[in-house]
Amino acid sequence: MKSFLRKIKNLAYKVLGSKIEEIYWRFRHIFNKDWAEKYVSEDSLNSPPRQSLINSVSKYAPFDSVFEVGCASGPNLYLLAKKFPQAKIYGSDISKEAINFGKRYFEEQKIKNVEFFHNQAEKSFKNFADKSIDIIFSDATLIYLDQKKITATIKEMFRVGRKALIFVEWHTELPSSIFDDHWIHNYRNLLTKFISSEKIKFTKIPENILAGNWAKYGYIIEVNLEK
């Protein structure tokens, strides 16, 4: 059954591209009502991959602003807001349900330095000026974007980012993107369209931390925009 469903999904992707994932995330709350709440659970907040991401962002301190593309209900934003209360922290997501839950949760936690936006990844920065955000990052978000959308999103991240871009995504050294449940992109090729390879650092996520395609393709990719 799983093999059959995967074939159906792959076929749908060939026809609809990222639209399939957009529909899924927009309406996920209908068949998984507590998913946004689980993202800010204690287990989620303390997971080793999330702590690794926070450490990667923290290396670029001091900074005044941070933006996460595809923030869900804000677990990464929560940890950053606690660690850097002086910074302005933004997050965007395609799920209005997750954004609304995040807003309520952060209000309950009395966290006031976080602002949420409901939008598609490539449209998240439309109201931001060039070089106006210090750190921009994504965490398992760009795996849902096809070749057209990821290029548009990365272009916007370079336009708005000032100090660093950080990606926790699936990377391949194959010459072009491949699809295996989600998108696996060649970030070396994508990023060197905008910046020299010397400014890009690839760190493989240890296989004992995550399983499946994350163990095979998972990387933390850092782009230093200041050097």
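For the structure itself, look to the data block above.
Here's a quick rundown of the structure. Note that the structure is predicted; figures quoted are calculated from it, not measured. Going along each chain's sequence as written, the residues are numbered from 1 onward. Where local features are concerned, this predicted model is filtered to residues with pLDDT of at least 70; where side-chain atom pairs are given and counted, the filter is 80 or more; whole-chain, interface and lining totals use all residues. No hydrogens and no water enter the side-chain calculation; it runs on all heavy atoms of the structure.

For the rest of this paragraph, the subject is the packing of aromatic side chains. Aromatic rings from Phe, Tyr and Trp, taking only the six-membered ring of Trp, are treated as a pair when their centres fall within 6.5 Å; an angle between ring planes under 30 degrees marks them as stacked, one over 60 as edge-to-face, and anything in between as tilted. The tally for this structure, following the rule as stated, stands at 19 aromatic pairs. Geometrically, the ring pair formed by Phe67 and Phe128 is edge-to-face, given 5.5 Å between the ring centres and 85 degrees between the ring planes. In this pair, Phe67 sits in strand S1 (residues 65–69) while Phe128 sits in the loop between strand S3 (114–118) and strand S4 (133–139), placing the two residues 61 residues apart along the sequence. Three or more aromatic residues joined by ring pairs make a cluster, and in this case those are Phe67, Tyr90, Phe117, Phe125 and Phe128. Segments assigned H or I by DSSP are reported as helices when at least four residues long, segments assigned E as strands when at least two residues long, and all are numbered from the N terminus.

By nonpolar core is meant a set of buried Ala, Val, Leu, Ile, Met, Phe, Trp, Tyr and Cys residues that side-chain atoms within 4.5 Å join together. Exposure categories follow from relative accessible area, calculated using a 1.4 Å probe and restricted to protein chains: below 20% of the type maximum is buried, above 50% is exposed, and the middle band is partly exposed. If you look at the biggest cluster of nonpolar residues, it comprises 41 residues, and the most contacted ones within it are Val57, Leu80, Ile89, Phe106, Val114, Ile135 and Ile166. Sorting the residues of this core by element identifies helix H4 (35–39), helix H6 (48–58), helix H7 (75–83), helix H8 (96–108), S3, S4, strand S5 (161–170) and helix H11 (212–217) as the ones contributing at least two each. For Ile135, the contacting residues outside a window of four places in its chain are Val57, Tyr60, Phe63, Ser65, Val66, Phe67, Lys163, Ala164 and Ile166. If you look at the next biggest cluster of nonpolar residues, it comprises 27 residues, including Phe67, Leu142, Ile195 and Tyr219. Contact criterion: two residues are considered in contact whenever any of their non-hydrogen atoms come within 4.5 Å of each other.

Further remarks concern helix H9 (residues 147–160). By this rule, a helix spans an expected 1.5 Å times one less than how many residues it contains. The end-to-end C-alpha distance of H9, which contains 14 residues, comes to 20 Å, matching closely the 20 Å that a straight helix rising 1.5 Å per residue would cover. For H9, the complete set of buried residues consists of Lys149, Ile150, Thr153, Ile154, Glu156, Met157, Phe158 and Val160.

Note on placement: Asp139 falls in strand S4. Note on Asp139: relative accessible area 19%, which makes it buried. Whenever a nitrogen or oxygen atom comes within 3.5 Å of another N or O atom, the pair is scored as a polar contact, on the condition that within protein one atom can donate a hydrogen and the other can accept it, and that pairs from neighbouring residues in sequence are kept only if both atoms are in side chains. At a separation of 3.0 Å, a polar atom in the side chain of Asp139 contacts the side chain of Asn76. Discounting residues that sit within four places of it in the chain, Asp139 has contacts with Arg50, Leu53, Glu68, Val69, Asn76, Val168 and Glu169.

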